[in-house]
Amino acid sequence: MDLRTLPVSRRIGLLVEALDGAVKTNKALATCADGDEMVEILLGASAKLGLGLTRRDLTETPPIRDWIWFKNNDPLVTVGDAMPRYRQDKAKDSSNEAPQQAAPERKRFLGLF
């Protein structure tokens, strides 16, 4: 069976399955500087598997499209500062200068809660 005759979404799915556990390829993808480098590696993997995917297929079809977007846009850092999101929340809470009101006492239910 010629894999090139399958729909693009199915060929992308086969590529994703092939990448699962491929340590060398995953390391190469993780160390890419940008999405274009990722596409080059993925095109090579597609050629080895005989999937016949194009650059356009990779950049327009999820989930690989999303991987490339994340690599290009660095989603864990917000625009304007270089602090990861999980640290921003902590910094915001600690810089709150207004005293916080004490939480109202909860009623206990059978002495448990």
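Here's what I pulled together on the structure shown here. (Residues numbered from 1 in each chain as written. Predicted model: local features only at pLDDT ≥ 70, side-chain atom pairs only at ≥ 80, totals over all residues. Heavy atoms only, no water.)

Overview of the overall build of the protein chain
- On a plain count of helices and strands, the protein chain comes out with six helices and zero strands.
- Along the protein chain, helices and strands appear, N-terminal first, in the series α-α-α-α-α-α.
- Evaluated residue by residue, the protein chain yields a buried proportion of 19% over its 113 residues.
- Sequence-distant contacts, at least 24 apart, represent 52% of the contacts inside the protein chain between residues at least 6 apart.
- Carbon and sulfur atoms make up 56% of the accessible area of the protein chain, which amounts to about 8,900 Å² in all. (Helix = DSSP H or I, 4+ residues; strand = E, 2+ residues; numbered from the N terminus. Buried < 20%, exposed > 50% of the residue type's maximum accessible area, 1.4 Å probe, protein only. Contact = heavy atoms within 4.5 Å. Areas by Shrake-Rupley, 256 points an atom, 1.4 Å probe, with all protein chains shown as cover.)

Section: the layout of surface pockets
- Quantified by volume, the largest pocket comes out at close to 200 Å³.
- As for the largest pocket, its lining consists of Ala18, Leu19, Ala22, Lys24, Thr25, Ile41, Gly44, Ala45, Lys48 and Leu49.
- Elements represented by at least two residues in the lining of the largest pocket include exactly helix H1 (8-19), helix H2 (23-30) and helix H3 (35-49).
- Ranked by residue count, the leading element in the lining of the largest pocket is H3, at five residues.
- Here the lining of the largest pocket is composed, by residue class, of six nonpolar, two polar and two charged. (1 Å grid on protein atoms, 1.4 Å probe; cavity = no way out; pocket = protein on both sides within 12 Å on 5 of 7 lines; lining within 4 Å. Points joined across faces, edges and corners; volume = space filled by probe spheres on them. Nonpolar A, V, L, I, M, F, W, Y, C, P; charged D, E, K, R; others polar.)

Details of the side chain of Arg11
- Inspection of the secondary structure assignment puts Arg11 in helix H1.
- Summary of buried charges: Arg11 has no salt-bridge partner, and the nearest side chain of opposite charge, Asp57, is 4.2 Å away.
- The contact partners of Arg11, leaving out residues within four places of it in the chain, are Leu3, Arg4, Leu6, Leu51, Gly52, Leu53 and Asp57. (Lys, Arg positive; Asp, Glu negative; His and termini not counted. Salt bridge = Lys/Arg side-chain N within 4 Å of Asp/Glu carboxyl O.)

Regarding the packing of H3 against helix H5 (residues 64-73)
- In the contact formed by H3 and H5, the axes pass within 8 Å of each other and the chain directions differ by 145°. Contacts between H3 and H5 involve Gly35, Met38, Val39 and Leu42 on the former and, on the latter, Ile64, Trp67, Ile68, Lys71 and Asn72.
- Taken together, the residues that form the contact of H3 with H5 break down as six nonpolar, two polar and one charged. (Axes fitted to C-alpha atoms, helices over the stretch in contact; angles between N-to-C directions.)

Considering the environment of Ile41
- Along the polypeptide, Ile41 turns up in helix H3.
- Through-space distance from the C-alpha of Ile41 to that of Ala28 is 7.7 Å; in sequence the pair is 13 residues apart.

Focus on H1
- With 12 residues, H1 ought to run about 16 Å at 1.5 Å a step, and its terminal C-alpha atoms sit 16 Å apart, in line with that.
- Those residues of H1 lying buried are Arg11, Ile12, Leu15 and Leu19. The buried side chains of H1 occupy one side of the element, clustering within an arc of 100° when seen end-on. Exposed and facing more than 90 degrees away from the buried side of H1 are Ser9 and Glu17.
- Those residues of H1 that are buried lie in contact with H2, H3, helix H4 (55-60) and H5. (Expected span 1.5 Å × (residues − 1). Arc of directions from axis to C-beta.)

A look at unusual backbone geometry
- Backbone torsion omega between Pro62 and Pro63 reads 5°, so that peptide bond is classified as cis.
- Mapped onto the elements of the fold, Pro63 is located in the loop between H4 and H5.

By themselves these figures say nothing about function.
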